[in-house]
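Overview (structure and organization)
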Amino acid sequence: MRRTALDFWRVFWFLAAKGMRERMQYKASFLLTVLFRTLSTTMDFVLIAVILARFRFIDGWDVFEVALLYGPVTLARSIFDAFARELERFEHYLVSGDYDGILVRPWPTVFALLARKVDVTRIGMALQGLVLIAIGASQALPAGTLSPAGLAYLVLVLPLLGAMILTAISMATAAIGFWVIRIDDLYVFTMYAPLSAAVFPLSIYPGWLRGLLHTVIPVAFAGYLPVLFLLGKGGSGWVLVASPAVALISLWLAHRLWLTGERQYHSTGS
Amino acid sequence: MNQHRSAPAAAISADRLAKHFHIAETGRGVTGALRSLVSRKSRLVRAVDDVTFAIEPGSFVGYLGPNGAGKSTTVKMLAGIMHPSAGEIRVLGMSPQRQRQAVAQRIGVVFGQRTQLWWDLPLGDSYELIAAMYGVSPALAQQRLRRFDEVLEIKPLLDQQVRKLSLGQRMRADLAGALLHGPEVLFLDEPTIGLDVVAKAAIREFLREINASGVTILLTTHDMDDVEQLCDRILVINHGRLAFDGTVPGLRTAAGIPTTMHLDFAADLLCELPRLNGDIRATRDGRRVTVAFDRSRVSAARIVAAFQDCGEVTDIQISEPNIEEIVRRVYTA
Amino acid sequence: MNPSMHRTLRTYAVSARMSIRRNLQYRGQHMINNFASAVFGFMYIAIWRAVTVSRPPIEGYDSQTLTYYIALCQCVLWITTFDRSGVQIAQRIRDGSAGIDLMRPLGLMGLHMSQIYGVRLYNFAFRSLPMAMIFGAAVGLPLPGGGAPRLLLIIPAWLLAMHVGATLNYLIGLAGFWTVETGWLYLSLQTLILMMGGCSLPLELMPAGMRAVAAVLPFACCGYYPVSLYLGRGGVEVLLIMFAWAAALSGLAAWLTARARLRAEVVGG
């Protein structure tokens, strides 16, 4: 029986709905979780807002422009967190042997793995991302630095591309686990640190880090480069085409690495 | 209608199956570690070595072996988790290595200590998900669950989160989950481990029914009662090779451990202990005679008849050798 | 020293040593993690550099000073927070596996505080110091400002910072007697320390309202005060503030411990 992409999505939505219903039963805890997640990411932005209240510009970006960068990346992150977080627990699957349970399902293994957990409370972060975009747009639209089309790109397209790139990074890191097993610490270097760095204009970082974030861990295409162009601060329109291309290519590369790693698993077990 | 049906193809077959691992030898201490970086010496471990068997559809096969013998490696290869180093595997006519998803659609797997259900969701949701994943219509899924519920009693568990279930409940739930999509072959890895007597009985009855309905079952276990009550065939693997392939009685014979008969007499014996040409070994302790014999060589009736002249028999007991002893005997053979 | 006091202190020493030993087995992983943690420090340094470039110093802070400030904060944080001991204690209290003798409330607090201290001491050696070396190599770290006599201020300050952080952590552990949501409490505490403790920006650079709030909270003891003293800012008055907070929090902890004991007796441990 051939599986179509529609089947996969149906199962993901099913999981999201079930997960929601399950969480809602513990209303207090659910609200607390969403609230807290939203607050903690807001705190990070409040910090930069406080700094910029005093210092006005960070490498030529004011607080509203930073919000327009912070927002889409946060949105991307919330989508990624909701659906693809299980990849980060891959070390556990390898160590406990639970990965065998993934392999006996009639599904591609990545989807079977992701389908183990869909956490809808993470969407709370999406609200914060949207609020930030709204704040930024409230200045940029009237001032003419951002066009309505640009805003649409920021809200609708960029977060999806960002989620794809994050998924690719996560998948590639997890794939390394097929050889090395102990990858939990690796995630800090490949995901958490770059993600924290990606919400600020990449021009503030030293050259080697900038290079890294444009190539091996291409979060630059999930935020900085497109926003740079859409705000008229630099770059060329090619960025709007390059970003989707980078997203697709990195997913494809990550998947190939995954398949290679899986072959390794088939031959040596765990 | 075709009257001449060809012999059914084996449900599971392995042909000269082998699995080798290269274990890197790391020397001890710092110098050893450094040396291993340079020399890369490794030794070859033959986890599974030249194993051949064929299992007909509808069989219930017990797969025994000491730990580290290659049991779980074999099952992993059959389920498509691991790829063999050499040899061929066929499950339902397909290669689990090359057609993993197609095979997965038609087999069920239950790992004794790990669950494949969704931990945080109510059990009913897990079943809905499984039905959706395997393309089972809700109506059919309901029908099957109702049937499973008759023996496994999972209905009261449907609203509970899987992580809140006890081990016995979870095992029953896992079994139902593995069979929900109507697989033709079921692989079970130590399904009764850690369960109490009642839970084991329920699961065994369920497996019997499932097998009777035509599902081929391969059961890996250390529990000899499982084997005795369920399996019509036994494979014993040791040091990567098949030490035995046959039936439970055949295993007894192969192990060479005799059946024992106790005869209690009303009064002291009036005769010498018969020997029946060396087919039996009899010893006497007071008014009880213990006879050790091979069931396939001499029947119990003959023995009783041979003792007729020794006096009045008040009680006869026959005990089969403990299958643990038998298996141990085969392991150490 | 009477024998029972001697025995008690020995117990605390053993408890602390056990914490250290427990963490020692992961020191390889922790070392790798140090580099990862350092990245966040470098990020904030980059932000501050970009923000203060070609500007005159504000409140005495220039780009270089802020770099040192952030780096030192990253080091001090490992002895004031970044430690889940409190949450673990709370969990053990909840499932009763701690087997604590609740008849001696001081024993309860001493036992757990010594456990937390063990972690802090380990962290100082295997987290703070290596982090200092990493930052020192990357951006340079100054020697304590003001020379040797100031060490009389700086060393007690860092010890007090460790104590305040440990006590706050212990309070989270105690919360386990009353609530299940200790994980959230810990995260909230960490956020408060990072925000209000001046770990991402010094108090002088905060907006007036925020600065006022931060000044009356104990969290500055976990970051701003010890680092400022190290950099040569502030004097004895800072040390006195830290001491006052340490005493107040310890008193609160002792009182709450007694109440916890009462509650446990009522509820049934």
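Residues numbered from 1 in each chain as written. Chains lettered and ligands numbered in written order. Predicted model: local features only at pLDDT ≥ 70, side-chain atom pairs only at ≥ 80, totals over all residues.

1. Quick notes on the overall build of chain C
Put simply, the rule reads: Going along the chain from the N terminus, every DSSP run of H or I of four or more residues is numbered as a helix, and every run of E of two or more is numbered as a strand. C-alpha atoms define the radius of gyration in this analysis, and the globule rule sets the expected value at 2.2 Å times the number of residues to the power 0.38. Partly exposed residues are those whose C-beta has more than 12 but fewer than 20 other C-beta atoms within 10 Å; 20 or more makes a residue buried and 12 or fewer makes it exposed, with C-beta atoms placed from the backbone.
Per the secondary structure count, chain C includes ten helices and zero strands. When the helices and strands of chain C are listed from N to C terminus, the series reads α-α-α-α-α-α-α-α-α-α. Against the 2.2 N^0.38 benchmark of 18 Å for 269 residues, chain C shows a C-alpha radius of gyration of 19 Å, consistent with a compact globule. The proportion of buried residues among the 269 residues of chain C is 43%.

2. Topic: the nonpolar core
Rules: Any nonpolar core is a set of buried residues, restricted to Ala, Val, Leu, Ile, Met, Phe, Trp, Tyr and Cys, that join up through C-beta atoms within 7 Å. The start and end points of each domain follow an automatic or database-based domain assignment. By definition, residues are in contact whenever their C-beta atoms, placed on the basis of the backbone, come within 7 Å of each other.
Membership of the largest hydrophobic core comes to 237 residues, with the highest contact counts inside it found for Leu68 and Ile165 of chain A together with Ala161 of chain C. Viewed by domain, this core spans two of them, domain 1 (12-246) and domain 2 (256-332) of chain B, each represented by three or more residues. Setting aside residues up to four positions removed in sequence, Leu68 of chain A forms contacts with Ile133, Gly136, Ala137, Ala140, Leu146, Leu154, Val227 and Leu231 of chain A.

3. Focus on the interface of chain B and chain A
What counts here: Just so you know the grouping, Ala, Val, Leu, Ile, Met, Phe, Trp, Tyr, Cys and Pro go in nonpolar, Asp, Glu, Lys and Arg go in charged, and all remaining residues, Gly too, go in polar.
Residue-level contacts link 23 residues of chain B with 21 residues of chain A. Elements supplying a minimum of two residues to the side of chain B that touches chain A: helix H2 (71-79), helix H3 (100-106), strand E5 (107-111) and helix H4 (123-134) of chain B. By residue number, the principal contributor to the side of chain B that touches chain A is H4 of chain B, which donates five residues. Taken together, the residues that form the side of chain B that touches chain A break down as 13 nonpolar, six polar and four charged.

4. Some points on the interface of chain C and chain A
With 22 residues of chain C at the contact, the number on the chain A side is 21 residues. Within the residue set of the side of chain C that touches chain A, elements represented by two or more residues are helix H2 (27-52) and helix H7 (182-196) of chain C. Here the element with the most residues in the side of chain C that touches chain A is H2 of chain C; it accounts for eleven residues. Residue composition of the side of chain C that touches chain A, by class: 17 nonpolar, four polar and one charged.

5. Considering the sheet that holds strand E2 (residues 42-55) of chain B
Residue and element names in this part refer to chain B. We apply this condition: We call two strands paired when DSSP finds no fewer than two bridges between them. Axis definition: a line fitted to C-alpha atoms, limited for helices to the stretch in contact. Angles are taken between N-to-C directions and run from 0 to 180 degrees.
With respect to topology, three strands assemble into an open sheet ordered E2-E1-E4, the strand pairing being antiparallel. Looking at strand neighbours, the two that pair on one side only are E2 and strand E4 (86-91), the edges of this open sheet. Put simply, the sheet's adjacent strands are angled 25° from each other on average, direction ignored. With five bridges connecting them, strand E1 (residues 12-24) and E4 associate as antiparallel partners. In the sheet register, Ala18 faces E4, and the bridge partner there is Ala86.

6. Here we look at the pairing of strand E7 (residues 216-220) of chain B
All names here are of chain B. Applied cut-off: A right-handed crossover is one whose linking path, passing over the helix from the first strand to the second, runs clockwise when the strands point away from the viewer.
Here E7 lies mainly inside the structure; five of its five residues are buried. The alternating pattern of E7 places Thr216, Leu218 and Thr220 on one face and Ile217 and Leu219 on the opposite face, and all of these are buried. Two elements, strand E6 (residues 185-189) and E7, share five bridges in a ladder whose sense is parallel. If you follow Asp189 over to E7, its bridge partner there is Thr220. Regarding the hand of the β-α-β motif, the stretch spanning E6, helix H7 (residues 197-212) and E7 is right-handed.

7. Topic: the packing of helix H8 (residues 148-180) of chain A against helix H9 (residues 184-198) of chain A
Residues and elements named next belong to chain A. What counts here: Angles are sorted into four bins: roughly parallel if under 35 degrees, roughly antiparallel if over 145, roughly perpendicular if 65 to 115, and oblique for all others. Helix crossings fall into two classes, left-handed where the near helix is turned counterclockwise from the far one by less than a right angle and right-handed where it is turned clockwise.
One can describe the packing of H8 onto H9 by two numbers: an axis separation of 10 Å at closest approach and a directional angle of 155°. When the axis of H8 is compared with that of H9, the two are roughly antiparallel. Relative to H9, H8 is oriented so that their crossing is right-handed. Here Ile169, Ser170, Thr173 and Ile176 of H8 come into contact with H9, specifically with Leu186, Tyr187, Thr190 and Met191. Tallied by class, the residues present in the contact of H8 with H9 amount to five nonpolar, three polar and no charged.

8. What to know about unusual backbone geometry
Residues and elements named next belong to chain B. Within the chain, Arg16 stands out as a residue other than glycine whose phi angle is a positive 50°. Relative to the elements of secondary structure, Arg16 occurs in strand E1. Phi at Glu190 is positive, roughly 50°, even though this residue is not glycine. Note on placement: Glu190 falls in the loop between E6 and H7. Glu190 gets classed as partly exposed once you count the C-beta atoms within 10 Å, which come to 18.

9. Concerning the domain arrangement of chain B
One widely used convention gives an interface's size as the accessible area the parts lose upon coming together. Residues and elements named next belong to chain B. In terms of domains, chain B is made up of domain 1 (12-246) and domain 2 (256-332). Taken together, the contacts link nine residues of domain 1 with five residues of domain 2. Within the residue set of the side of domain 1 that touches domain 2, elements represented by two or more residues are helix H8 (224-230), strand E8 (233-238) and strand E9 (241-246). Counted by class, the side of domain 1 that touches domain 2 contains seven nonpolar, one polar and one charged residues.

10. Observations concerning the sheet that holds strand E11 (residues 280-285) of chain B
All names here are of chain B. Judged by pairing direction, the sheet is antiparallel, and its four strands sit side by side in the order E11-E12-E10-E13 without closing on themselves. Edge strands, defined here as strands with exactly one partner in the open sheet, are E11 and strand E13 (313-319). Averaged over neighbouring strand pairs, the angle between their axes works out to 15° when direction is ignored.

11. Focus on H9 of chain A
For the record, the criterion: Any helix carries an expected span of 1.5 Å times its number of residues minus one. The seven residues ending at a residue and the seven starting there each receive a fitted axis; the angle between those axes is the bend at that residue.
The first and last C-alpha atoms of H9 of chain A sit 21 Å apart over 15 residues, in line with the 21 Å expected at 1.5 Å per residue. In the structure, H9 of chain A departs most strongly from a straight axis at Tyr192 of chain A, where the bend amounts to approximately 25° and where the proline Pro194 of chain A lies between one and four residues downstream. Along H9 of chain A, the residues that are buried comprise Met191, Ala193, Pro194, Leu195, Ala197 and Ala198 of chain A. Residues of H9 of chain A that are buried make contact with helix H3 (63-84), H8, helix H10 (207-214) and helix H11 (224-230) of chain A together with H2 of chain C.

12. A few points about the pairing of E6 of chain B
Residues and elements named next belong to chain B. The buried count for E6 comes to five of five residues, which makes it a mostly enclosed element. Along E6, one buried face is formed by Val185, Phe187 and Asp189 and the opposite face, lined by Leu186 and Leu188, is buried too. By the bridge criterion, five bridges tie E5 to E6 in an arrangement that is parallel. From the neighbouring strand, Val110 faces E6, where its bridge partner is Leu188.

13. Description of helix H3 (residues 63-80) of chain C
Structural remark: α-helix, 3.6 residues per turn; residues separated by three or four positions point the same way. Residues and elements named next belong to chain C. An ideal rise of 1.5 Å per residue puts 26 Å on 18 residues; H3 measures up with 25 Å between its terminal C-alpha atoms. Within H3, 16 of the 18 residues are buried, leaving the element largely enclosed by the surrounding structure. A positive phi of about 50° marks Phe82, the residue just after H3.

14. Observations concerning the environment of Val238 of chain C
Residues and elements named next belong to chain C. Mapping Val238 onto the fold places it in helix H10 (residues 236-267). By C-beta crowding, Val238 is classed as buried, having 20 other C-beta atoms within 10 Å. Separated by 175 residues in sequence, Val238 and Ser63 have C-alpha atoms that sit 24 Å apart. Residues in contact with Val238, not counting those within four places in the same chain, are Ala157, Tyr225, Ser228 and Leu229.

15. Here we look at the confidence of the model for chain C
All names here are of chain C. Counted only if it meets this: Values of pLDDT, ranging from 0 to 100, describe the predictor's confidence in every residue of the model.
Mean pLDDT for chain C: 87, with 94% of residues reaching 70 or above. At the low end of the mean pLDDT range in chain C sits helix H4 (residues 85-94), at 82; at the high end sits helix H9 (residues 224-230), at 94. Here the complex is predicted with pTM 0.83, and the ipTM for its interfaces comes to 0.85.

16. Here's the deal with the packing of helix H6 (residues 167-179) of chain B against H7 of chain B
All names here are of chain B. Following both chains from N to C, one finds H6 and H7 inclined at 10°, their axes separated by 10 Å at the closest point. Of the possible angle classes, the one that applies to H6 and H7 is roughly parallel. Taken together, the residues of H7 that come into contact with H6 (itself represented by Gly168, Met171, Arg172, Leu175 and Leu179) are Ala199, Ala202, Ile203, Phe206 and Ile210. By residue class, the composition of the contact of H6 with H7 is eight nonpolar, one polar and one charged.

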